[in-house]
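# Geometric and topological summary
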Amino acid sequence: MMITDDPFLDAAKEVLRSNRLNHFTKPAPRLYPYQWNWDTGFISMAYALYDESKVYEEYQSLFAGQWSNGMLPQIIFHEESDAYFPGPDFWMTDRSKLVSDVNSSGITMPAVHGFVMLYLLTKTTNLDNTSRFLKYIIPHIIESHAFMYEYRDPAAEALPCIIHPWESGTDNSPLYDKSLSLINIDKDTLPEYIRKDLKYRNAASHRPDNTDYDRFVYLVDLFRTRDYNQKHIINDCPFVIQDPLFIALLNYSNEALIEICQFLNMDYSIIDEWYTATNEAMYSKLFGSRDRFAAYDFCNSEFIEGITSSSMMPALTVPLSTEETKAMFGSFENDFIRKAHPSCPTTMPSHSNYEANRYWRGPIWLNLNYLLYKVFNLHGKKEMTDRLIHDSIDLVRGNGFFEYFNASKGQNDIACGSPDFSWTAAMYIVFKNELQGNN
Ligand code: GLC
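Structure report, in brief. (Residues numbered from 1 in each chain as written. Predicted model: local features only at pLDDT ≥ 70, side-chain atom pairs only at ≥ 80, totals over all residues. Heavy atoms only, no water.)

### Examining the packing of helix H12 (residues 244-264) against helix H13 (residues 269-286)
Using the following cut-off: For helices, the axis comes from a line fit to the C-alpha atoms of the stretch in contact; other axes are also lines fit to C-alpha atoms, and the angle between any two N-to-C directions lies between 0 and 180 degrees. Numbering of helices and strands runs from the N terminus; a helix is a DSSP stretch of H or I covering at least four residues, while a strand is a stretch of E covering at least two. An angle below 35 degrees is read as roughly parallel, one above 145 as roughly antiparallel, one from 65 to 115 as roughly perpendicular, and any other as oblique. Whether a crossing is left-handed or right-handed is set by the direction in which the near helix is turned from the far one by less than a right angle, anticlockwise for left-handed and clockwise for right-handed. It only takes one pair of heavy atoms within 4.5 Å for two residues to be counted as in contact. Residue polarity follows a fixed list, in which Ala, Val, Leu, Ile, Met, Phe, Trp, Tyr, Cys and Pro are nonpolar, Asp, Glu, Lys and Arg are charged, and the others, Gly among them, are polar.
It is at 9 Å that the axes of H12 and H13 come closest, and there the two elements cross at 150 degrees. With respect to each other, H12 and H13 are oriented roughly antiparallel. When the axes of H12 and H13 are compared, the crossing they make is left-handed. Listed contacts from H13 to Ile 247, Ala 248, Asn 251, Asn 254, Glu 255, Leu 257, Ile 258 and Cys 261 of H12 are Ile 271, Asp 272, Trp 274, Tyr 275, Thr 278, Asn 279, Met 282 and Leu 286. Tallied by class, the residues present in the contact of H12 with H13 amount to 10 nonpolar, four polar and two charged.

Structure (structure tokens):
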């Protein structure tokens, strides 16, 4: 049980309560009115600490949208809302025969659910119920991983690709700038659309710009004109990227699934194969510089320059030598974290495309702080893990449960994006729990 002597813990639970609709929690009160894939994972980690039945409900709702080819969609449109673009009318996923009877978008998101389920298993206070739930959900999670290896791994390298920046979760990262800029858009044939995200405070300087948005829309149009046939999409798509965060989380979840299957006495031979192959491939292909993991642009056959917080994530599972970890952590600690105040910016401040306020181009996000915390923790970097926990807690206490925070200024008055953001509240609850465990 958690000790609730902290009013911020109660406030965090209240954020989750107020964002909860029928059987799922939306990411934010107004900006994101539906169920988002990886948000559900981070949110469920908090529920695992104080109301496990909500985890079961969240996952039943999310997987109700799973396609018959195994794809777990990025957004599940359980309820009608005209507050968000692109909604179901634009996606037109009913052009595919593979959809479930719950409306969804037509792309996927980082595979976080394996490690979230392991977190649930570690924290559960009702092993019978949790084991029953895991026996139901784990086969579906395995199917969603099989989708990645079957349809998103065009060169059979065990390095599944993203086909849209929205699949990465870090939508507007500078990692994708060059690849997006090389996409030729014919404005005359681009479908007309009206953005709905620009009506919020500071939106023009914080949200992705219109040039990027045209490309986001162009890609969705390409998918729907191919009726969401994955083979045609991967052949024709001008944006196919091996993204270190996306692949790292998939393999971190593979690792967790192996542990869960061992516990439940389920067969995990295929997951074992994926796990080993993906670890080896991340090391041999993406770790060429020996001090960071690079992204690879499949369409333009080139590695992508520039360090972001994703560049370190494969260290969640890839075994590295002492020299390699020293080189990797050294560059992060010096350039990325120590100079920035507070930790941790999502793009290195010295990066030529760093922007302190704009979406995924610099600001701090608490879900990535949690993942970085895990990386440092796994490698015994106590000073950095402490720093990430305390900065994350202080950011919330000084500013509220905002979507993200400007990393270039001091600790206060740096709130960005939506207030009352669900995963920020959830990560606060999770970090507080870690702090208790560490004391
Ligand atoms: C934005 C973020 C994405 C998140 C979604 C809902 O699109 O980039 O990572 O899942 O909002 O919170």
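Still more ground to cover, so stick around.
### Brief notes about the state of the cysteines
Using the following cut-off: Sulfur atoms of two cysteines make up a disulfide when they are within 2.5 Å. Buried means the residue's accessible area, taken with a 1.4 Å probe over protein chains only, is under 20% of the maximum for its type, while exposed means over 50%, and partly exposed covers the values in between.
Using the criterion set out here, one finds zero disulfides in the structure. Among the cysteines around Cys 237, which has no disulfide bond, Cys 299 carries the closest sulfur, lying 6.1 Å off. Judged by relative accessible area, which is 4%, Cys 237 ranks as buried.

### What to know about the side chain of Asn 69
As a reminder of what qualifies: The definition of a polar contact used here is a pair of N or O atoms within 3.5 Å, where within protein one atom must be able to donate a hydrogen and the other to accept one, and adjacent residues in sequence count solely through side-chain atom pairs.
Within the secondary structure, Asn 69 is located in the loop between helix H3 (52-63) and strand S2 (75-76). According to the relative accessible area criterion, Asn 69 is buried, its value standing at 11%. Within the local environment of Asn 69, its side chain forms a polar contact with the backbone nitrogen of Met 71, the two atoms lying 3.1 Å apart. If near-sequence neighbours (up to four positions away) are discounted, Asn 69 is found in contact with Leu 98, Phe 147, Tyr 151 and Gln 230.

### Details of helix H14 (residues 322-338)
For clarity, the threshold we go by: The bend reported for a residue corresponds to the angle between axes fitted to the seven residues ending at that residue and the seven starting there.
If you look at H14, its biggest bend is around 30 degrees, right at Phe 332. Taken residue by residue, H14 has Glu 324, Thr 325, Met 328, Phe 329, Ser 331, Phe 332, Glu 333, Phe 336 and Ile 337 as its buried positions. In this fold, the buried residues of H14 make contact with H13, helix H15 (366-378) and helix H16 (382-399).

### Structural notes on the site of the ligand
Spelled out, the test is: Throughout this document, a residue counts as near a molecule or strand when at least one of its heavy atoms sits within 4 Å of that molecule or strand.
With respect to spatial proximity, the complete set of residues near the ligand consists of Pro 27, Tyr 32, Trp 36, Trp 38, Asp 39, Met 109, Gly 169, Asp 171, Tyr 359, Trp 360, Phe 421 and Trp 423. In this structure, an oxygen atom belonging to the ligand sits 2.9 Å away from a side-chain N or O atom of Asp 171. The separation between an oxygen atom of the ligand and a polar side-chain atom of Trp 360 is 2.8 Å. Taken together, the residues that form the shell around the ligand break down as nine nonpolar, one polar and two charged.

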